[in-house]
2 protein chains.
Amino acid sequence: MRDVARLAGVGIKTVSRVINGEPNVSPGTTERVRRAAADLLYEPDLHAGNLRRADGRSRTLGLLVSSVANPFAAQVHRAIERVAIEYGYAVLAASLEDDPAAELRAVTALARRRVDGFIVTPVRDDQSYLRVHVDRGTPLVCVDRAPRGIETDCVVTANVDGARDAVRHLLSFGHRRIAFLGDLDRIETARLRREGYVTELAAAGIDVDPALVVLGLHDDATATAVARRLLTLPDPPTAIFSSQNLITIGTIRALQQLGLEHKVALVGFDDVETGDLMKPAITAVAQDPDRIGRLAAERLFAHLDGDTSPARQVVVPTRLIVRGSGEIPAPGGAAH
Amino acid sequence: MRDVARLAGVGIKTVSRVINGEPNVSPGTTERVRRAAADLLYEPDLHAGNLRRADGRSRTLGLLVSSVANPFAAQVHRAIERVAIEYGYAVLAASLEDDPAAELRAVTALARRRVDGFIVTPVRDDQSYLRVHVDRGTPLVCVDRAPRGIETDCVVTANVDGARDAVRHLLSFGHRRIAFLGDLDRIETARLRREGYVTELAAAGIDVDPALVVLGLHDDATATAVARRLLTLPDPPTAIFSSQNLITIGTIRALQQLGLEHKVALVGFDDVETGDLMKPAITAVAQDPDRIGRLAAERLFAHLDGDTSPARQVVVPTRLIVRGSGEIPAPGGAAH
DNA sequence: CTGAAAGCGCTAACAA
DNA sequence: TTGTTAGCGCTTTCAG
C-alpha cells in the first residue's frame, strides 16, 4: 500500500480511501491511485484492515455440515453461498461426519480465523459452548437440527409432519403393517421422523410392532441386510417407510433382490435423485435444502445487520412426491 | 492476549510462546498461562499473527469448483478437505457455475483473504492472470480441467481414454451407429470426451455420422428432448454414449419414455448414483473424485512445503462399471 | 527462561 | 481534499 501511495504520489491514507470507496477524494487522485494499484498488482489485505477497522468484519462466514459431499448438505451449502455472495461474503465450510469432537475442532478453527458468523448443523448434545461466540458478537444460526443448551435461530425440515405424511399416505393404501427403517437414534432428525411414524400410526389406532422398527442404520449396505430380514419374516411388512436417503437406497436394493419391488410399498424420506427412473419410481418426502440454506443465511445476515429479535425456529415443509412405489396397495387390504 | 498475560502475571511474549508451543517456557508458567487463557475464553487471532509471522500463512486454502452442490465437485471438495485438515488447514470454497467472470471474482475474493494456495477448476480461456499469485508464493493446482496460459500442476480424469473405453465397449457388442451426446464444447472435459469418441470410432474404421453427434447439452431436460429426437430418426442409433451425468439421466428418461431401454445400449460418462437400481442397470465410466481431490491437495501442500519440481499433469484413470445398459447387443449385429 | 520494543498492513481520529 | 499519527493483536528481534 505504501508502494502504491509512493507511485501515485499521494499519502497512504488516500490509497486507503480509494480502495474502500470513501468520499472526499478528487477524481484525478482517484484515477492516479487506481492506476498505481493496477500497475503494482496491488491486492489489499482484508485481514490486516479488519484489525483496525471499526466493524472488524472478515466478511467470511463459517459453515459446519455433516459433510460437504452429502447431497443435502451440499445443496444447503450452495444456497447459503448464493446469499453470502450478495453480501460480499465467502464461506469457510467444514465437514463433521457426525463426530462431536469434530464440531468443537471446527468451531475453534473458524473462530481463530475470525468468521463473522456461524451456520451450524449441531452434532453434539449441547451447543451452549457457542454462547461465548454469540456474546462476543458472532451470530449463530443452526440448520437441519435444533441446537441444545442455547437459544438461537434455527431452520429445520418438518421432520415430524413429513414422516406423518408418508405414513398417512401408506395407510390410505390399506397398509397396516408398515416397517420403519431409521438412522442412529442420537441424530435428532432420525428421532423426529420416528416420532412422526409412531404418532401417525397411533392416530390410526395401530399399535407399533417393535419387530418392524429398526434403528441405528447409517449406510445402504446395512439397510439392505435389515430390509431383507424384515421382508422374509413370517409375517412381513406390506409397506416400508425409510427415513433417510441411504436407507431408502438400501431398501430398494433389498426389494429388487427379493423381487418384491412391485409388491411391497415404499416411501422414503429425502428424495432420491433419479428416483423417477426406477421401476417402480420412488415415492418420497422431499426436503427443500435450497430454501433451508437461504433462510438460514438470511437469518444470519439479519443478525449481522443488527436484528436483535428473539430466537425463532423456522420449519420448512416437506413435499410428498407421488411416483409409484408408495401407491402399491396392501394385499387384500382396503382400497384407496 | 494482553489480558491473558496480565492475569497469568507474565509478559505478552510468554503467552505467545505458550499458544504456539514454542520451547523455553517453564512448565509452571505454561500452566498458569493456559489457565488464564481458558478463564478468559481467549481465542488467538490467526490473521493478526500472520501479519507479523515469518511464514505469513493463513492456513486457509481457496477452492474454486463448478458448484459445491455438484456431486462430483462436492466429492473432490471433501477429499481436499480431508488432506487440508491433516495440515491444519481450512477450505474456502466458491462455486463458479461455469461463469468466467465468477472465476475472476472468486480469485480476487480469496486473494484478499490471503489464502495460502489455490485449487482451481478453470472456467476461463486463460489462467495466465494467476501467475501473479504464484509468483508471490501462492501455489496453484488445477483440478478436473487443464489450465491455459500458465504452467502449473493439474489433476484430471482420463477423459479421452475413458470415452474410448466406453465406445470400445459398445463396439464390442456389435454397435456401429453410436450416438454421442455432449456438453457445451467450450468445456474442456466435454471436448476431450468427444475426442475419445471420435478417435475410437476411427480406430474401428467407422466414420462419425454427424447426425448422431449432438453437443451443447447442459441439463437433463434438453438431453431428454435431443435423445428422443435421435431415437425416432429414420435410421436411429443402436447405442448411445452420454458424456456427462445429467445428460445420462436425460437419456435414460428418453429411452424409458420410448420403451427402448432394453433395446438401445447406453454407456454414460461419470457414474450415476443408484445406477445399479435402474432397469437395466446403467453401465458407466466412473471417475474417481476422491483420488482427484486427494492428489490435488497433496500437490498443493507439496508446493507449500517447498517442492519446486516442474509442473506436471496427473491423469486419474476411469473405471468401466458394467451393469447392463451397455451390454445390449446391436440388433442383428455381430455378437460379443 | 523471560520481557520490552518494533513493526506486519491497514484504518480511525484528527490535524492541515 | 489530503496527510500524519497511533494502534488493531500478534510475532519478531534482541536484550536481559
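Structure: see above.
Keep in mind that this is a model prediction, so the values were computed, not measured.

Undergrad: Please give an account of the overall build of chain A that cites residues and values.
TA: Each helix and strand counted, chain A has twelve helices and twelve strands in total. Radius of gyration (C-alpha) of chain A: 26 Å, far over the 20 Å computed for a compact globule of 336 residues. Along the first, second and third principal axes, the C-alpha set of chain A runs to 90 × 40 × 30 Å. The burial tally for chain A puts 53% of its 336 residues in the buried class. In chain A, of all internal contacts separated by at least 6 residues, the share reaching a separation of at least 24 is 67%. In the form shown here, chain A has an accessible surface area of approximately 14,100 Å², with 51% of it arising from carbon and sulfur atoms.

Undergrad: Account for empty space enclosed by the protein, with residues named and values stated.
TA: Residues and elements named next belong to chain B. Tallying each qualifying case throughout the model produces five cavities of 30 Å³ or more. Considering only enclosed or pocket space, the largest cavity measures out at about 80 Å³ in volume. What lines the largest cavity is Asp98, Pro122, Val123, Arg124, Gln127, Arg145, Ala146, Arg148, Arg186, Ile187 and Glu188.

Undergrad: Run through the sheet that holds strand S8 (residues 239-242) of chain B, naming residues and quoting values.
TA: All names here are of chain B. Pairing within the open sheet is mixed, and its six strands lie in the order S7-S6-S8-S9-S10-S12. Looking at which strands have only one partner, the edges of the open sheet turn out to be strand S7 (213-217) and strand S12 (319-321). If you compare each strand with its neighbour and ignore which way they point, the axes differ by 15° on average. Across three bridges, strand S10 (residues 283-286) lies against S12 in antiparallel orientation. Bridge pairing links Ala286 to Arg319 in S12.

Undergrad: Account for the sheet that holds strand S2 (residues 90-95) of chain B, naming residues and giving values.
TA: With mixed pairing, twelve strands are arranged side by side in an open sheet as S11(A)-S5(A)-S4(A)-S3(A)-S1(A)-S2(A)-S2(B)-S1(B)-S3(B)-S4(B)-S5(B)-S11(B). Two strands close off the open sheet at either side, each with one partner strand: strand S11 (313-316) of chain A together with strand S11 (313-316) of chain B. Neighbour-to-neighbour, the strand axes of the sheet open up by a mean angle of 20°, direction not taken into account. Note that strand S4 (residues 140-143) of chain A and strand S5 (residues 153-157) of chain A share three bridges and pair parallel. Paired with A:Val141 across the strands is A:Asp153, a residue of S5(A). Contacting strand S1 (60-65), strand S2 (90-95) and strand S3 (117-120) of chain A together with S2 of chain B, helix H5 (residues 71-86) of chain A runs over the sheet at an angle of about 170° to S1(A). Packed on one face of the sheet, helix H6 (residues 100-112) of chain A meets S1, S2 and S3 of chain A and runs near 175° to S1(A).

Undergrad: Now, about the packing of helix H2 (residues 12-19) of chain A against helix H3 (residues 27-39) of chain A: what can you tell me, with residues and values included?
TA: Residue and element names in this part refer to chain A. H3 packs onto H2 with a crossing angle of 90° between their chain directions and a minimal axis gap of 10 Å. Here H2 is positioned roughly perpendicular relative to H3, judged by the angle of their axes. Residues Thr14, Val15 and Val18 of H2 pack against Thr29, Thr30, Val33 and Arg34 of H3. Among the residues forming the contact of H2 with H3, the class breakdown is three nonpolar, three polar and one charged.

Undergrad: Which residues make up unusual backbone geometry, and what are the values?
TA: Note the cis peptide between A:Lys279 and A:Pro280, where omega equals -5°. The topology assignment puts A:Pro280 in the loop between strand S9 (265-269) and strand S10 (283-286).

Undergrad: Mind laying out the protein's contact with DNA strand D, listing which residues take part and the relevant values?
TA: Contacts to DNA strand D come from 24 residues, most closely from A:Gly11, A:Thr29, B:Lys13, B:Ser16 and B:Tyr42. Near the protein, within 4 Å, the atoms of DNA strand D are sugar or phosphate in 58% of cases. Here a phosphate oxygen of DNA strand D sits 2.5 Å away from a polar atom, N or O, in the side chain of A:Thr29. Contact between DNA strand D and B:Ser16: a phosphate oxygen at 2.5 Å from a side-chain N or O atom of the residue. Elements with a contribution of two residues or more to the surface near DNA strand D: H2 and helix H4 (46-52) of chain A together with helix H2 (12-19) and helix H4 (46-52) of chain B. Here the element with the most residues in the surface near DNA strand D is H4(B); it accounts for four residues.

Undergrad: Outline the protein's contact with DNA strand C, listing residues and values.
TA: If you check the shell around DNA strand C, you find 24 residues, and the closest are A:Met1, A:Ser16, A:Tyr42, B:Thr14 and B:Thr29. Restricting attention to atoms of DNA strand C within 4 Å of the protein, one finds that 58% of them are sugar or phosphate atoms. In the model, a phosphate oxygen of DNA strand C is placed 3.3 Å from a nitrogen or oxygen of the A:Ala54 main chain. At 2.5 Å from a phosphate oxygen of DNA strand C is found a side-chain nitrogen or oxygen belonging to B:Thr29. At the level of elements, H2 and H4 of chain A together with H2 and H4 of chain B are the ones that each hand at least two residues to the surface near DNA strand C. Taken together, the residues of the surface near DNA strand C sort by class into nine nonpolar, eight polar and seven charged.

Undergrad: Report on the nonpolar core, specifying residues and quantitative values.
TA: Soluble globular proteins: nonpolar side chains tend toward being buried together. Core analysis: the biggest nonpolar cluster contains 44 residues, and A:Leu181 and B:Leu181 have the highest contact counts within it. Of all elements in the fold, only strand S6 (178-183), strand S7 (213-217), helix H10 (220-231) and helix H11 (245-257) of chain A together with strand S6 (178-183), S7, helix H10 (220-231) and helix H11 (245-257) of chain B reach the threshold of two or more residues within this core. Look past the residues within four positions of A:Leu181 in its chain and what remains in contact with it is A:Val214, A:Leu217, A:Val226, A:Ala227, A:Leu230, A:Ile240, A:Phe241, A:Ser242, A:Ser243, A:Ile247 and A:Thr251. If you look at the next biggest cluster of nonpolar residues, it comprises 42 residues, including A:Val115, B:Leu92, B:Ala102 and B:Leu110.

Undergrad: Give a description of the interface of chain B and chain A that names residues and reports values.
TA: Taken together, the 51 residues of chain B in the interface contact 51 residues of chain A. When the two sides are added together, the surface that chain B and chain A hide from each other amounts to roughly 4,300 Å², 53% of it contributed by carbon and sulfur. Looking at the side of chain B facing chain A, the largest losses of area belong to B:Glu43, B:Arg113 and B:Leu277, adding up to 17% of the total buried there. In this structure, the connection of chain B to chain A is made through ten salt bridges. A salt bridge links A:Arg114 to B:Asp45, with the nearest nitrogen and oxygen atoms 3.6 Å apart. Joining chain B to chain A, the criterion identifies 33 residue pairs in polar contact (both at pLDDT 80 or more). Grouping the constituent residues of the side of chain B that touches chain A by class yields 23 nonpolar, twelve polar and 16 charged.

Undergrad: Tell me about the relation of the copies chain B and chain A, residues and numbers included.
TA: Rotating chain B by 180° about the axis while translating it 0.0 Å along that axis superimposes it on chain A, leaving an RMSD of 0.0 Å. What the superposition gives is, in effect, a two-fold axis relating one chain to the other. A share of 100% of the interface residues of chain B reappears at the interface of chain A, consistent with the copies meeting face to face through the same patch.

Cut-offs applied
- Residues numbered from 1 in each chain as written.
- Chains lettered and ligands numbered in written order.
- Predicted model: local features only at pLDDT ≥ 70, side-chain atom pairs only at ≥ 80, totals over all residues.
- Heavy atoms only, no water.
- Helix = DSSP H or I, 4+ residues; strand = E, 2+ residues; numbered from the N terminus.
- Rg over C-alpha atoms; globule rule 2.2 N^0.38 Å.
- Buried < 20%, exposed > 50% of the residue type's maximum accessible area, 1.4 Å probe, protein only.
- Contact = heavy atoms within 4.5 Å.
- Areas by Shrake-Rupley, 256 points an atom, 1.4 Å probe, with all protein chains shown as cover.
- 1 Å grid on protein atoms, 1.4 Å probe; cavity = no way out; pocket = protein on both sides within 12 Å on 5 of 7 lines; lining within 4 Å.
- Points joined across faces, edges and corners; volume = space filled by probe spheres on them.
- Pairing = 2+ DSSP bridges.
- Axes fitted to C-alpha atoms, helices over the stretch in contact; angles between N-to-C directions.
- Parallel < 35°, antiparallel > 145°, perpendicular 65-115°, else oblique.
- Nonpolar A, V, L, I, M, F, W, Y, C, P; charged D, E, K, R; others polar.
- Near = heavy atom within 4 Å.
- Polar contact = N/O pair within 3.5 Å; in protein donor to acceptor, adjacent residues only side chain to side chain.
- Core = buried A, V, L, I, M, F, W, Y, C linked by side-chain atoms within 4.5 Å.
- Buried area = accessible area lost by both parts, 1.4 Å probe.
- Salt bridge = Lys/Arg side-chain N within 4 Å of Asp/Glu carboxyl O.
- Least-squares fit on C-alpha atoms with pLDDT ≥ 70 in both.

Read these as layout, nothing more, since geometry by itself doesn't imply function.
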